[in-house]
Amino acid sequence: MAAPPKVGFVSLGCPKALVDSEGILTRLRAEGYAISPSYDGADLVVVNTCGFIESAVQESLDAIGEALAENGRVIVTGCLGAKGELVRQAHPEVLAVTGPHALEEVMTAVHEHLPRPHDPFTDLVPPQGIKLTPRHYAYLKIAEGCNHRCTFCIIPSLRGDLVSRPIGEVMREAENLVEAGVKELLVISQDTSAYGVDLKYRTGFWGGRPVRTRMSDLAVALGELAGKDAASGVWVRLHYVYPYPHVDEVIPLMAEGKILPYIDVPFQHASRRILKLMKRPASGEDNLERIRAWRKICPDITIRSTFIAGFPGETEDEFRELLEFLEEAELDRVGCFAYSPVDGAKANELPGALPGEAREERRARLMQLQEKISARRLTRKVGKILEVLVDEVKPEGTVARSAADAPEIDGVVHIEGADQLAPGDRAQVKVFRSDTHDLFARPVAPRRLAA
Ligand code: SF4
């Protein structure tokens, strides 16, 4: 039998782009293509790009250039692909360019330049598809696109308005992942709390019973799938939860242990005026009230958020208001970007643009403050017993995460004396030290859950 045609794959960008990559890889394998781990072994290369900020655009253009130099036959997809002109200007020799979330278009381009094999090995594809994350955690993408028009963001023009996946389909994917041994499901989309708005919260079916296409109903269903008690079952973590009032509905589920007591909610700023210019809801005071209410219902909740420093027109007083908000809110995890004038973003037209240095200086000040807050909050965990999920076992030590730590973006728990653990194991550990972002612990009752 002839060797199957080989496709190389380069995946850049955020978890949402990663899920697109997984979809393309799954389809390629389903059609009988082989995936090449190197440029020179591939018959062509697909590059899934990111176009969110200037540095990501440059990284994507560099990756396309590298694939062209090493292989010569390149198909471009992803967020930067939505700006086809830019890609073609920089690299006119690419075979095809598609936008993000364009599985069918990518496959059409692959078929055109590398005909599909006659006998697809559909049975080689596991039911959960091909995953790029380690075996024990997986991103569960519930929707694509966004109905908001935040003035600093061009995602809606790249990915379009919100399109939610039917809840039955999402739950079946979650079931397949859990059956395949995944221990943690990370729910993602551009705007998780808007899930189902476009479908008017249509009722779907899972396990023969009706479930509405809505974030809180999805969280209940995932909690059921995860097991009666999140401490011993599969972890369910919610990301990109836009701060709508109905987010309050999922906090009791966290308090009851149905899903992880962790919420990733991008507040972006605290000043009412800046939030209005950003076209974001609420204000620092409103958000402080909600954070207090969430902590009252679920004292163990970990709150992660992202902010933008140096937005056009942001005064020193408004920036200080943001710092005061952070002092008051004591968020557990914070990411901050210096405002980046992304091509096509409405905010670029606002008066009072700050020079790059001032934006960067404010970002650094914010992160300096947050480091102190983070260190202070982590100190409170010293002496506590935590449930962790092991990510890596290396000669230098074992790295795990607790409910408070999402992969890639948050801190970790370093475990001493845990040689018997393997990636994907759950263990109980006692914290003996903390630093700015991480915890250090020793096993209390190491145990392996059945795979
Ligand atoms: S909610 Fe997020 S994806 Fe949607 S426009 Fe705002 S920043 Fe962009």
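Presented here is a report on the structure given in the accompanying data block.

Cut-offs applied
Residues numbered from 1 in each chain as written. Predicted model: local features only at pLDDT ≥ 70, side-chain atom pairs only at ≥ 80, totals over all residues. Heavy atoms only, no water. Phe/Tyr/Trp six-rings, centres within 6.5 Å; stacked < 30°, edge-to-face > 60°. Buried < 20%, exposed > 50% of the residue type's maximum accessible area, 1.4 Å probe, protein only. Helix = DSSP H or I, 4+ residues; strand = E, 2+ residues; numbered from the N terminus. Salt bridge = Lys/Arg side-chain N within 4 Å of Asp/Glu carboxyl O. Near = heavy atom within 4 Å. Nonpolar A, V, L, I, M, F, W, Y, C, P; charged D, E, K, R; others polar. Expected span 1.5 Å × (residues − 1). Arc of directions from axis to C-beta.

## Notes on the packing of aromatic side chains
Stage number 1. Throughout the structure, instances matching the rule amount to five aromatic pairs.
Stage number 2. Ring centres of tyrosine 137 and tyrosine 139 lie 6.3 Å apart, and the angle between their planes is 85 degrees; on these two criteria the pair is classed as edge-to-face. Accessibility assignment for this pair places tyrosine 137 and tyrosine 139 in one class, buried.
Stage number 3. With 5.4 Å between their ring centres and 80 degrees between their planes, phenylalanine 311 and tyrosine 339 make a pair best called edge-to-face. Of this pair, phenylalanine 311 sits in the loop between strand S14 (302-309) and helix H11 (316-329) while tyrosine 339 is found in the loop between strand S15 (333-338) and helix H12 (356-379), placing the two residues 28 residues apart along the sequence. Residue phenylalanine 311 shares its accessibility class with tyrosine 339, and that shared class is buried.
Stage number 4. Among the aromatic side chains, those forming a connected cluster through ring pairs are Phe267, Phe307 and Phe325.

## Digging into the pattern of salt bridges
Stage number 1. Counting across every chain of the model gives 34 salt bridges.
Stage number 2. For arginine 165, the salt bridge identified is with glutamate 169, shortest N-O distance 3.0 Å.
Stage number 3. On the accessibility criterion, glutamate 169 (37% relative accessible area) is partly exposed.
Stage number 4. Put simply, glutamate 249 and arginine 214 hold a salt bridge, and the shortest N to O gap is 2.8 Å.

## Some words on the site of the ligand
Stage number 1. Near the ligand, the surroundings consist of Cys146, His148, Cys150, Phe152, Cys153, Ile155, Pro156, Gln190, Tyr242 and Arg280.
Stage number 2. Of the residues that constitute the shell around the ligand, the class distribution is seven nonpolar, two polar and one charged.

## Structural notes on helix H10 (residues 284-297)
Stage number 1. Helix length check: H10 (14 residues) gives 20 Å between terminal C-alpha atoms against 20 Å at 1.5 Å per residue, within 8%.
Stage number 2. Along H10, the positions that sit buried rather than exposed are Gly284, Asn287, Leu288, Arg290, Ile291 and Trp294. The buried residues of H10 occupy an angular sector of 165 degrees when the element is viewed end-on, so they sit on one face. In this structure, H10 carries Glu289 and Lys296 as exposed residues pointing more than 90 degrees from its buried face.

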